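# Reading the structure
If you want the building blocks of each chain, they are given just below.
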Amino acid sequence: MACLVGYGMPSEIVERIFDPYFTTKDTGEGTGLGLSVAQGIVKAHGGTITVYSEQGKGTTFHVYLPVILEEEREKKESEEPLPTGSECILFIDDEQVLIEIGSQMLEQLGYEVVAKKSSIEALELFRAEPDRFDLVITDMTMPHMTGDKLAQELMKIRPDIPIILCTGHSRLVSEAKAKEIGIKAFVMKPLVMRNLAETVRKVTSCSLLLLGV
């Protein structure tokens, strides 16, 4: 599939357009996540996206997806079902579209989801009802309080609360650093259904074992 758009871009912008949060728009006009999420979805299906751009002429995106043969389709249908649960999850992200995507994924897996767009609001809610939640999933890059700082504040209130940290920037915090803080799992964006399902189930199951449930 090919698509011609816009007026074209210089090479230094083309090299960065798939980077999470990279945008040429002014603050408040765009997040820079659209192409990153699209690339993640295409890659999750075994495909790839290429881009060619020439200033004054436009930009062409090519999306390549693998052909699924009948034998492969039968194999895919026979995969193990996604692990599910019924726990209550506090989900935090400052992007509304990502809140909606994440919440829908978790609800489809059977979880009760309480979503917050502000890390400060999430902290206030958790402080008021610390025993309501079985798991917290938080974005890393947020205004006012980053995900790793939020995790530390939550664990001051309830040291046993399992936390999953999500980020599109691996350079901001490493998996080793996240675990050193006490975070139970580290997931890169964009979220993929199976990876999210397996990570949530692994973290919640380990938490129950530690509590002797």
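Our subject is the structure that appears above.
The notes below deal with the structure included here. (Residues numbered from 1 in each chain as written. Predicted model: local features only at pLDDT ≥ 70, side-chain atom pairs only at ≥ 80, totals over all residues. Heavy atoms only, no water.)

### What about the overall build of the protein?
Scanning the protein from N- to C-terminus turns up eight helices and eight strands. Here the protein, with 213 residues, has 42% of them falling under the buried criterion. In the protein, 61% of the contacts between residues at least 6 apart in sequence involve partners at least 24 apart. Of the accessible surface of the protein, which amounts to about 12500 Å², a share of 53% is contributed by carbon and sulfur atoms. (Helix = DSSP H or I, 4+ residues; strand = E, 2+ residues; numbered from the N terminus. Buried < 20%, exposed > 50% of the residue type's maximum accessible area, 1.4 Å probe, protein only. Contact = heavy atoms within 4.5 Å. Areas by Shrake-Rupley, 256 points an atom, 1.4 Å probe, with all protein chains shown as cover.)

### Remarks on the environment of Lys57
Residue placement: Lys57 occurs in the loop between strand 2 (48–54) and strand 3 (58–64). With a relative accessible area of 61%, Lys57 lands in the exposed category. Expressed as a C-alpha distance, the spacing of Lys57 and Gly8, which sit 49 residues apart in the sequence, is 5.7 Å.

### Regarding the nonpolar core
Core analysis: the biggest nonpolar cluster contains 24 residues, and Leu90, Val136 and Ile163 have the highest contact counts within it. For this core, the elements supplying multiple residues, two or more each, are strand 4 (88–92), helix 5 (119–128), helix 6 (147–157), strand 7 (163–167) and helix 7 (175–181). What Leu90 contacts, discounting residues up to four positions off in sequence, is Val114, Lys116, Ala122, Leu125, Phe126, Phe133, Leu135, Val136 and Ile137. Counting 18 residues, the second-largest nonpolar core is a separate cluster that includes Ile89, Leu109, Val187 and Leu191. (Core = buried A, V, L, I, M, F, W, Y, C linked by side-chain atoms within 4.5 Å.)

### Section: the pairing of strand 5 (residues 112–116)
In this structure, strand 4 lies alongside strand 5, joined through five bridges in parallel fashion. Residue Leu90 lies in a different strand from strand 5, and its bridge partner there is Val114. (Pairing = 2+ DSSP bridges.)

### Comments concerning the sheet that holds strand 4
Read across the open sheet, the five strands follow the order 5-4-6-7-8; overall the sheet is parallel. Both outer strands of the open sheet, strand 5 and strand 8 (185–188), are each paired with one neighbouring strand and no more. Ignoring which end each strand starts from, the neighbouring axes of this sheet average 20° apart. Looking at chain direction, strand 7 and strand 8 are connected through four bridges and run parallel. Bridge pairing links Thr167 to Met188 in strand 8. (Axes fitted to C-alpha atoms, helices over the stretch in contact; angles between N-to-C directions.)

### Looking at the packing of helix 5 against helix 6
Between helix 5 and helix 6, the shortest axis-to-axis distance is 10 Å and the interhelical angle comes to 10°. When the axes of helix 5 and helix 6 are compared, the pair comes out roughly parallel. The residues of helix 6 that touch helix 5, namely those facing Ser119, Leu123, Phe126 and Arg127, are Leu150, Glu153, Leu154 and Ile157. Partitioned by chemical class, the residues of the contact of helix 5 with helix 6 number five nonpolar, one polar and two charged. (Parallel < 35°, antiparallel > 145°, perpendicular 65-115°, else oblique. Nonpolar A, V, L, I, M, F, W, Y, C, P; charged D, E, K, R; others polar.)

### Some words on the environment of Thr60
Mapped onto the elements, Thr60 comes out in strand 3. Residue Thr60 is classed as buried on the basis of its relative accessible area of 19%. Taking the C-alpha atoms as reference points, Thr60 and Thr50, separated by ten residues in sequence, lie 8.3 Å from one another.

### Notes on the packing of aromatic side chains
Applying the stated rule across the entire model yields one aromatic pair. Ring geometry for Phe126 and Phe133: centres 6.2 Å apart, planes at 15°, overall stacked. Judged by its relative accessible area of 0%, Phe126 falls in the buried class. Residue Phe133 is classed as buried on the basis of its relative accessible area of 0%. (Phe/Tyr/Trp six-rings, centres within 6.5 Å; stacked < 30°, edge-to-face > 60°.)

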